[in-house]
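Notes for the structure review
These are the residues of each chain, in order.
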Amino acid sequence: MLEQAFLAALDHLLGGASWAQNRLKPFAARRARIEIPPINFMFEITADGRVQKSPDPNLNDVTIHLPSDTPFLLAQGIDKVMSRATVDGNAEFATELSFVFRNLHWDAEQDLSRWVGDIVAHRLVQGGSRFSSWQKQAAANLAENLAEYFTQENPLLITSLEFAGFRDNIARLTADLARLEARGAPLKSPPLIRKP
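Our subject in this report is the structure included herewith. (Residues numbered from 1 in each chain as written. Predicted model: local features only at pLDDT ≥ 70, side-chain atom pairs only at ≥ 80, totals over all residues. Heavy atoms only, no water.)

Right, let's get into the packing of aromatic side chains. Applying the stated rule across the entire model yields two aromatic pairs. Summarising the aromatic geometry, the rings of Trp-19 and Phe-99 are spaced 6.1 Å apart at their centres and angled 85° between planes, so their arrangement reads as edge-to-face. Within this pair, whereas Trp-19 is found in helix 2 (residues 18-24), its partner Phe-99 is found in helix 5 (residues 91-103), the two being separated by 80 residues in sequence. Exposure remark for Trp-19: the relative accessible area of 33% places this residue in the partly exposed category. Where Phe-27 meets Phe-93, the ring centres are 5.3 Å apart and the plane angle is 25°; that geometry is what we call stacked. Within this pair, whereas Phe-27 is found in the loop between helix 2 and strand 1 (31-36), its partner Phe-93 is found in helix 5, the two being separated by 66 residues in sequence. Across from the ring centre of Phe-99, 3.9 Å away, lies the NZ or CZ of Arg-23, which sits over that ring. (Phe/Tyr/Trp six-rings, centres within 6.5 Å; stacked < 30°, edge-to-face > 60°. Helix = DSSP H or I, 4+ residues; strand = E, 2+ residues; numbered from the N terminus. Buried < 20%, exposed > 50% of the residue type's maximum accessible area, 1.4 Å probe, protein only. Lys NZ or Arg CZ within 6 Å of the ring centre and 35° of its normal.)

In structure tokens, the structure reads:
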């Protein structure tokens, strides 16, 4: 069921992006597999540059392995997800899929306008965008405040400047110890010969 929802969503996005369909048309009948443990999505490119369920899940031209934390990485953007992906198979097809996935965007306003009209859809998307920006700013502020608290008020952490000074002090101490060790090393003297 999850695979069907993924394919329906991907096909819907491709349906609104003729540029993506044109890029995928040369790869008609090619098959891809996306692995996000423990889930796998298999699909085939159709003649019109869209996707459909792969008739044989064991035959794939490309396999894209994504980390299991992909759903959480998506909040940081598709580029973050794709940077952690590994790919096996046909390089040309993989490159094209990667380009399409990086640049394929959902036009939420257009989809919403079919249900609630253009003006309401525009306002909903605008409100959602403001809310998303507010959440990102709030998260950045929280991280900044926590960092300040743990480095200034309740110093459980040290700043990068303090760490650099600490590292330099250790390097200096190591060099001083090496010099002292070299100075204090006993001179080699000839072995003592004992008379019987």
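Let's shift gears to a nonpolar patch on the surface. A grouping of Ile-158, Phe-163, Phe-166 and Ile-170 is seen on the molecular surface, where their side chains present a nonpolar patch of about 400 Å² in accessible area. Relative to the elements of secondary structure, Phe-163 occurs in helix 8 (residues 160-184). (Patch = residues over 30% accessible without salt bridge, like charges linked within 9 Å, V, L, I, M, F, W, Y side chains within 5 Å. Areas by Shrake-Rupley, 256 points an atom, 1.4 Å probe, with all protein chains shown as cover. Salt bridge = Lys/Arg side-chain N within 4 Å of Asp/Glu carboxyl O.)

The next point concerns the environment of Ala-17. By secondary structure assignment, the location of Ala-17 is in the loop between helix 1 (2-15) and helix 2. The class for Ala-17 is buried, based on a relative accessible area of 6%. Considered as a pair, Ala-17 and His-105 are 88 residues apart in the sequence and their alpha carbons are 8.6 Å apart.

Attention now goes to the sheet that holds strand 3 (residues 51-53). The strand order 3-2-1-4-5 describes an open sheet built from five strands, whose pairing is mixed. If you trace the sheet from one side to the other, it starts and ends with strand 3 and strand 5 (86-89), each paired once. Averaged over all adjacent pairs, the angle separating strand axes in this sheet is 25°, with direction ignored. Two elements, strand 4 (residues 62-65) and strand 5, share four bridges in a ladder whose sense is antiparallel. In the sheet register, Thr-63 faces strand 5, and the bridge partner there is Asp-88. In this fold helix 1 packs onto strand 1, strand 2 (39-45) and strand 3, with an angle of close to 40° to the strand it touches most, strand 2. (Pairing = 2+ DSSP bridges. Axes fitted to C-alpha atoms, helices over the stretch in contact; angles between N-to-C directions. Contact = heavy atoms within 4.5 Å.)

What follows is about the pattern of salt bridges. For the structure on display, the rule yields five salt bridges. Note that Asp-11 is salt-bridged to Arg-50, the shortest N-O span being 3.1 Å. Of this pair, Asp-11 sits in helix 1 while Arg-50 sits in the loop between strand 2 and strand 3, and the two are 39 residues apart along the sequence. The partly exposed category is assigned to Arg-50, whose relative accessible area is 25%. In this structure, Glu-35 engages Arg-33 in a salt bridge whose closest nitrogen and oxygen atoms are separated by 2.8 Å.

The next thing to look at is helix 1. Between its terminal C-alpha atoms helix 1 stretches 20 Å, which fits the 20 Å expected from 14 residues at 1.5 Å a residue. Within the sequence span of helix 1, burial applies to Glu-3, Leu-7, Leu-10, Asp-11 and Leu-14. The buried residues of helix 1 occupy an angular sector of 100° when the element is viewed end-on, so they sit on one face. (Expected span 1.5 Å × (residues − 1). Arc of directions from axis to C-beta.)

With that out of the way, let us pick up the side chain of Gln-21. Considering the arrangement of structural elements, one finds Gln-21 in helix 2. Not counting the four nearest positions on each side in its chain, Gln-21 is found in contact with Leu-14, Gly-15, Asp-48, Gly-49 and Arg-50.

For strand 1, the buried fraction is high: five of the six residues fall into the buried class. Taken together, the six bridges between strand 1 and strand 2 define a ladder with antiparallel strand orientation. The residue bridging Ala-32 from the neighbouring strand is Phe-43, located in strand 2. Here strand 1 folds back onto strand 2, and the loop between the two strands holds two residues. For strand 1 and strand 4, the ladder comprises four bridges, and the chain directions are parallel. Its bridge partner being in strand 4, Ala-32 is matched across the sheet by Val-62.

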